[in-house]
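Tertiary structure, described
As a plain string of letters, each chain reads:
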Amino acid sequence: MKFFIDTANLADIREAQEMGILDGVTTNPSLMAKEGITGKDNVMRHYKEICDIVQSDVSAEVISVTYDEMIKEGEELAEIDENIVVKVPMSGDSIKAIKYFSEKGIRTNCTLVFSAGQALLAAKAGATYVSPFVGRLDDISTDGMALIEQIVNIYTNYGYTTEVLAASVRHPMHVIQCAEIGADVMTAPLSVMKMLINHPLTDSGLAKFLSDHAKVEKK
């Protein structure tokens, strides 16, 4: 399963990259705003900086909502770097845009997906990735992992090449469940990735090893 980091923070991206486990980056306008990146030129430069760090897939989201505007903005984003994946929110115009981008060889990530039907349409249109939001479904007492499993099964049934990118991943169990189900990708903040490292028995075991070693060294 690929690990993408969900952020626009360059320091977090570099740290995840240095860990040796990073396969890509997902961003959105909210994450850009969180880092104080405003204005089209600054946003475009920031995407390029991200691409220079990871040199792998970077999802850059359009802010347009109509077909013609999404095409224009998506093509501009795709010109930033060969690793840019144009991220579009699920809508009728977005499905049309995904089909257009697919035919032009521009990779896409269909985001804000909350149903298997939406994921099926995105795959039929040729999306590179589809992003179901598991955490936000959990927030409304709906099983986000059940949706991931449903989409994985549908794509397997018909041989769709669209990759299932589990988004809105909130904690380590989401990551493990995604891996068990067979999601192609999960995207999460750096903090969630680091949580996978920790276990109390690992900590206590290491402390015991170091304590015993110190005793031996004194002899």
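What this report covers is the structure whose coordinates are included nearby. Every value quoted in this text rests on a predicted model; they were computed, and no experiment measured them.

**With respect to helix α3 (residues 40–54)**
The end-to-end C-alpha distance of α3, which contains 15 residues, comes to 22 Å, matching closely the 21 Å that a straight helix rising 1.5 Å per residue would cover. Listing the buried residues of α3 in full gives His46, Tyr47, Ile50, Cys51, Ile53 and Val54. With its buried residues spanning 160° around the axis, α3 presents them on a single face. Summarising the geometry of α3, the exposed residues directed more than 90 degrees from the buried face are Asp41 and Arg45. At its buried positions, α3 is contacted by α1 (10–19), β2 (24–26), α2 (29–34), β3 (57–61), α4 (67–78) and β4 (84–89). One or two steps after α3, the chain reaches Gln55, where phi turns positive at roughly 50°.

**Some words on a nonpolar patch on the surface**
A cluster of nonpolar side chains, Met19, Ile21 and Ile197, forms an exposed patch at the surface whose accessible area comes to about 250 Å². Here Ile197 lies in the loop between α10 (190–195) and α11 (200–218). Note on Ile197: relative accessible area 55%, which makes it exposed.

**Brief notes about unusual backbone geometry**
Backbone phi values are negative for most residues with the exception of glycine, while trans is the configuration of most peptide bonds. With a phi angle near 55°, Leu112 is a residue other than glycine that sits in the positive phi range. Summarising the element assignment, Leu112 is placed in strand β5 (residues 108–113). For Leu112, a relative accessible area of 32% puts it in the partly exposed group.

**Some thoughts on the environment of Ile181**
Examined against the element boundaries, Ile181 turns out to sit in helix α9 (residues 172–181). Distance from Ile181 to Gln150, taken between C-alpha atoms, is 9.5 Å for residues 31 residues apart in sequence. Setting aside its immediate chain neighbours within four residues, Ile181 contacts Met145, Ile148, Glu149 and Val152.

**Notes on the packing of aromatic side chains**
For the structure shown, the criterion picks out five aromatic pairs. Seen from their ring centres, Phe114 and Phe133 are 5.7 Å apart, and the 55° between their planes marks the pair as tilted. With Phe114 in the loop between β5 and α6 (116–125) and Phe133 in the loop between β6 (129–132) and α7 (134–139), this residue pair connects regions lying 19 residues apart in the sequence. Looking at Phe114, the relative accessible area reads 32%, which means it is partly exposed. Relative accessible area serves as the criterion here: at 9%, Phe133 is assigned to the buried category. A network of ring pairs unites the aromatic residues Tyr155, Tyr158 and Tyr160 as a single cluster. Its end group placed over the ring of Tyr67, Lys96 keeps NZ or CZ at 4.8 Å from the ring centre.

**Regarding the nonpolar core**
Most often, soluble globular proteins have nonpolar side chains that are buried together. One finds Ile5, Ile13, Leu77, Ile84, Ile148, Val169 and Met186 to be the most contacted residues of the largest nonpolar core, which totals 60 residues. Looking at which element gives the most residues to this core, the answer is helix α8 (residues 144–158), with six residues. In this structure, Phe4, Val85, Phe133 and Ala167 belong to the second largest nonpolar core, which totals seven residues.

Calculation criteria
Residues numbered from 1 in each chain as written. Predicted model: local features only at pLDDT ≥ 70, side-chain atom pairs only at ≥ 80, totals over all residues. Heavy atoms only, no water. Helix = DSSP H or I, 4+ residues; strand = E, 2+ residues; numbered from the N terminus. Expected span 1.5 Å × (residues − 1). Buried < 20%, exposed > 50% of the residue type's maximum accessible area, 1.4 Å probe, protein only. Arc of directions from axis to C-beta. Contact = heavy atoms within 4.5 Å. Patch = residues over 30% accessible without salt bridge, like charges linked within 9 Å, V, L, I, M, F, W, Y side chains within 5 Å. Areas by Shrake-Rupley, 256 points an atom, 1.4 Å probe, with all protein chains shown as cover. Salt bridge = Lys/Arg side-chain N within 4 Å of Asp/Glu carboxyl O. Phe/Tyr/Trp six-rings, centres within 6.5 Å; stacked < 30°, edge-to-face > 60°. Lys NZ or Arg CZ within 6 Å of the ring centre and 35° of its normal. Core = buried A, V, L, I, M, F, W, Y, C linked by side-chain atoms within 4.5 Å.

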